[in-house]
Amino acid sequence: MKKLLCILLTALLVLALAACGHGVPGGTTTPPDELDPDIDIDTNIEATLSIAFSNDAVERKMIDAAVEGFQKTYPNVTFEYTPVSSYESTIMGDVASGISYDILWVSDSYVSTFARQGMLANLDAFIEESGFDTSLYYDSMMRMGQEFHNGSQYFMPRDYSKLVVYINKDIFEELKIDYTPFLDGWTWEEYLATSQALYDGIQASTNRDRWVMEAEFDWRIQMYGFTSAYGGVLIDESGDPVFDENAQKGLTEMQKMTKNQWAKFSGTTQSNFIGGKVAMRWQVRPAFNSYHAVLGDSLEVLPFPEIGEGKTVGTGTTGYGIGRGSDQKGLAWQFLAYMMSEEGQNAMSTSGGIVPSLISLAEDENAVWRTMFPGINHDAFIYEGTNDVVPDYYDTIEVRDSSAYDAAIANMLHQIMGNGMDVGPAVLTCQREIDKYLEMQGR
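Bear in mind that the values here come from a model prediction, so they are computed numbers and not experimental data.

1. Considering the overall build of the protein chain
Stage number 1. Along the backbone of the protein chain there are 18 helices and 12 strands.
Stage number 2. Taken along the three principal axes of its C-alpha coordinates, the protein chain extends 70 × 55 × 40 Å.
Stage number 3. Relative to its full complement of 443 residues, the protein chain shows a buried share of 57%.
Stage number 4. Of the roughly 18,400 Å² of accessible surface on the protein chain, 49% is carried by carbon and sulfur atoms.

Structure, rendered in structure tokens:
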């Protein structure tokens with residue numbers, strides 16, 4: 001009974017912490033955990049750091065590499081791993097029940113939620129005390145680790161991640177379509193013309209059981225990349241769903257691909273591309289290992305096409321933060337600092353699954369992440385970094401409302417891309433779903 005009461009009280013405390021932050025969307029309400037953090041840690045310290053991360057083979061390989069490198073300086077520090085499958089709900093439940101972690105894996109979509117619910121330590125004081133130079137890293141990635149993308153830092157981005165176009169060279173070459181002019185970039189018009197050429201070639205071939213492209217069209221970073229390229233507004237400063245004319249123009253451009261049979265809505269299924277049935281697929285660097293392992297020399301990477309006047313590209317990343325309840329924040333910071341160092345970024349790059357967030361290393365032609373896979377157009381992964389779109393469209397709404405908005409937007413994208421509904425009616429349905437939710441909440 002005492003244990004149950006403790007869990008209930010802890011859960012109420014977490015909810016109270018969350019409620020304290022709900023009134024100021026777009027701002028920071030959680031102060032730095034340490035005004036004068038102790039980061040001067042004896043390298044001979046004997047300690048154990050607990051680390052929770054997404055249960056993924058590539059992620060585990062990256063963590064192993066970082067731990068091995070860190071232990072060269074801190075040989076007596078051991079690590080307690082907690083690989084988690086249902087990550088967000090599990091971690092939230094653990095923290096609510098009183099379990100604390102020293103280091104937490106966090107996705108950009110959950111950093112504000114974790115920060116507001118008191119699950120992550122504010123890193124600002126650690127950055128200042130250690131003299132950590134954030135300007136050495138891609139600004140878009142650093143912003144993704146900030147509360148509402150413009151406040152205090154809560155996680156350090158372990159990689160630079162953006163959409164690219166993976167292609168099966170065999171299909172292009174069979175259909176006599178030259179992709180090489182696009183290795184250094186291409187326009188949206190060039191992409192659409194190539195899609196039409198691929199479609200025509202497939203229809204004229206003896207193997208018509210193939211298609212041009214597949215992508216997760218309900219993936220928000222794709223949607224936001226398109227709508228931002230046309231200057232679209234999804235949600236206004238008061239948190240109301242707008243989806244203005246420009247946003248609808250971006251959604252219409254997305255839909256054009258399915259309406260013209262240049263693309264097939266496939267959810268998260270990737271076996272079709274790996275199986276040689278698809279010419280192109282939109283994805284990010286972490287997918288590279290699985291694609292290359294099967295397709296080998298048939299795989300190539302092109303930059304994402306430049307869309308609209310903004311020429312923007314959807315981005316998203318994950319990183320690592322310090323648990324708010326950790327009693328070893330100084331040591332945990334030293335581990336984060338190592339992960340972000342050139343040595344640490346190189347070590348994690350041996351997994352093949354990341355592009356370093358450290359700019360100098362990302363651009364170094366002799367860096368590990370490039371040389372371990374020769375013959376690949378690695379520049380596509382860092383093409384026009386200044387055009388990255390930070391997914392900040394939820395920054396004007398309260399954290400507790402984000403899941404309802406997300407469900408409504410996902411349903412809208414399924415209607416547009418999967419069911420062929422016209423953009424206008426689908427947007428109206430989305431707005432009504434969100435308005436209904438807000439009305440039920442008394443707002």
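2. Comments concerning helix α13 (residues 329–340)
Stage number 1. Here α13 contains 12 residues, and its C-alpha end-to-end distance of 16 Å stays within 8% of the 16 Å for a straight helix at 1.5 Å per residue.
Stage number 2. Counting buried positions along α13 yields 12 of 12 residues, so the element is predominantly enclosed.

3. Some remarks on the confidence of the model for the protein chain
Stage number 1. Looking at the protein chain as a whole, its pLDDT mean stands at 88, while 91% of the residues score no less than 70.
Stage number 2. The weakest mean pLDDT in the protein chain belongs to helix α1 (residues 2–21) at 36; the strongest belongs to α13 at 98.
Stage number 3. The low-confidence segment residues 1–28, where pLDDT is below 50, has 37 contacts with residues more than four positions distant or belonging to other chains.

4. Remarks on the pairing of strand β9 (residues 299–303)
Stage number 1. With 5 of 5 residues buried, β9 is to be regarded as a mostly interior element.
Stage number 2. Burial of β9 is two-sided: the residues Leu 299, Val 301 and Pro 303 facing one way and the residues Glu 300 and Leu 302 facing the other way are all buried.
Stage number 3. Both strand β5 (residues 164–168) and β9 contribute to a ladder of 5 bridges, which runs antiparallel. Bridge pairing in β9 places Val 165 opposite Leu 302.

5. Let's talk about the sheet that holds strand β1 (residues 47–54)
Stage number 1. What the 5 strands build is an open sheet, ordered β2-β1-β3-β11-β4; its pairing is mixed. In this open sheet, the two strands that pair with only one neighbour each are β2 (77–84) and β4 (156–157).
Stage number 2. Sheet topology places β1 next to β2; 8 bridges connect them, and they run parallel. What sits directly across from Leu 49, in β2, is Phe 79.

6. What to know about the nonpolar core
If you look at soluble globular proteins, the nonpolar side chains tend to sit buried side by side.
Stage number 1. Counting residues in hydrophobic clusters, the biggest one holds 82 residues, and the most contacted among them are Ile 91, Met 156, Tyr 166, Tyr 320, Trp 333, Phe 335 and Leu 336.
Stage number 2. The greatest single-element share of this core, amounting to 9 residues, is contributed by α13.
Stage number 3. When near neighbours in sequence (up to four residues on either side) are disregarded, Leu 336 contacts Ile 103, Leu 123, Met 156, Tyr 320, Gly 321 and Ile 322.
Stage number 4. By size, the runner-up hydrophobic cluster in this structure holds 60 residues, among which are Tyr 191, Ala 263, Val 284 and Met 417.

7. A look at the packing of aromatic side chains
Stage number 1. In this structure the tally under the stated criterion is 30 aromatic pairs.
Stage number 2. Consider the rings of Phe 70 and Phe 335, whose centres lie 5.3 Å apart with planes at 90 degrees: the pair is edge-to-face. Residue Phe 70 is located in helix α2 (residues 57–70), and its partner Phe 335 is located in helix α13; the two are separated by 265 residues in the primary sequence.
Stage number 3. With a relative accessible area of 2%, Phe 70 lands in the buried category.

8. Let's talk about the sheet that holds strand β7 (residues 264–265)
Stage number 1. The 5 strands lie next to each other as β7-β6-β8-β5-β9, forming an open sheet whose pairing is mixed. Strands with a single pairing partner mark the edges of an open sheet, and in this sheet they are β7 and β9.

9. Some points on the environment of Ile 45
Stage number 1. Within the secondary structure, Ile 45 sits in the loop between α1 and β1.
Stage number 2. Owing to a relative accessible area of 27%, Ile 45 belongs among the partly exposed residues under this scheme.
Stage number 3. Separated by 332 residues in sequence, Ile 45 and Asn 377 place their C-alpha atoms 43 Å apart.
Stage number 4. Apart from residues lying up to four places away in sequence, Ile 45 is in contact with Tyr 74, Asn 76, Val 77 and Leu 331.

10. Remarks on the pattern of salt bridges
Pairing is possible between side chains that carry opposite charge, provided their charged atoms lie close to one another.
Stage number 1. Tallied over the full model, the rule gives 15 salt bridges.
Stage number 2. Notably, a salt bridge pairs Lys 162 with Asp 388, separated by 2.9 Å at the nearest N-O pair. With Lys 162 in the loop between β4 and β5 and Asp 388 in strand β12 (residues 388–389), this pair connects stretches of sequence that are 226 residues apart. Grouping residues by exposure puts Lys 162 and Asp 388 together as buried.

11. Here we look at unusual backbone geometry
Stage number 1. The phi torsion at His 149 lies on the positive side, around 60 degrees, for a residue other than glycine.
Stage number 2. Inspection of the secondary structure puts His 149 in the loop between α6 (139–144) and β4.
Stage number 3. Of note, Gln 261 is a non-glycine position whose phi angle comes to about 60 degrees, a positive value.
Stage number 4. Counting through the fold element by element, Gln 261 comes out in the loop between α10 (245–259) and β7.

12. Looking at the side chain of Gln 222
Stage number 1. Tracing the chain through its elements places Gln 222 in helix α9 (residues 220–229).
Stage number 2. For Gln 222, the contacting residues outside a window of four places in its chain are Leu 163, Ala 215, Glu 216, Phe 217, Met 254 and Trp 282.

13. Quick notes on a negative patch on the surface
Stage number 1. A contiguous patch of negative charge on the surface is contributed by Asp 36, Asp 38, Asp 40, Asp 42, Glu 128 and Glu 129.
Stage number 2. Take Asp 38: it is sitting in the loop between α1 and β1.

14. What about helix α12 (residues 288–295)?
Stage number 1. Residues of α12 that are buried include every one of Phe 288, Tyr 291 and Leu 295, and no others. Projected down its long axis, α12 carries its buried residues within an arc of 70 degrees, all on one side. Counted as exposed and oriented over 90 degrees from the buried face of α12: Ala 293 and Val 294.
Stage number 2. On its buried face, α12 is in contact with β5, α11 (271–274), β8 (278–283) and β9.

Reading the values: rules and limits
Residues numbered from 1 in each chain as written. Predicted model: local features only at pLDDT ≥ 70, side-chain atom pairs only at ≥ 80, totals over all residues. Heavy atoms only, no water. Helix = DSSP H or I, 4+ residues; strand = E, 2+ residues; numbered from the N terminus. Buried < 20%, exposed > 50% of the residue type's maximum accessible area, 1.4 Å probe, protein only. Areas by Shrake-Rupley, 256 points an atom, 1.4 Å probe, with all protein chains shown as cover. Expected span 1.5 Å × (residues − 1). pLDDT = per-residue confidence, 0-100. Contact = heavy atoms within 4.5 Å. Pairing = 2+ DSSP bridges. Core = buried A, V, L, I, M, F, W, Y, C linked by side-chain atoms within 4.5 Å. Phe/Tyr/Trp six-rings, centres within 6.5 Å; stacked < 30°, edge-to-face > 60°. Salt bridge = Lys/Arg side-chain N within 4 Å of Asp/Glu carboxyl O. Patch = residues over 30% accessible without salt bridge, like charges linked within 9 Å, V, L, I, M, F, W, Y side chains within 5 Å. Lys, Arg positive; Asp, Glu negative; His and termini not counted. Charge placed at Lys NZ, Arg CZ, Asp CG, Glu CD. Arc of directions from axis to C-beta.

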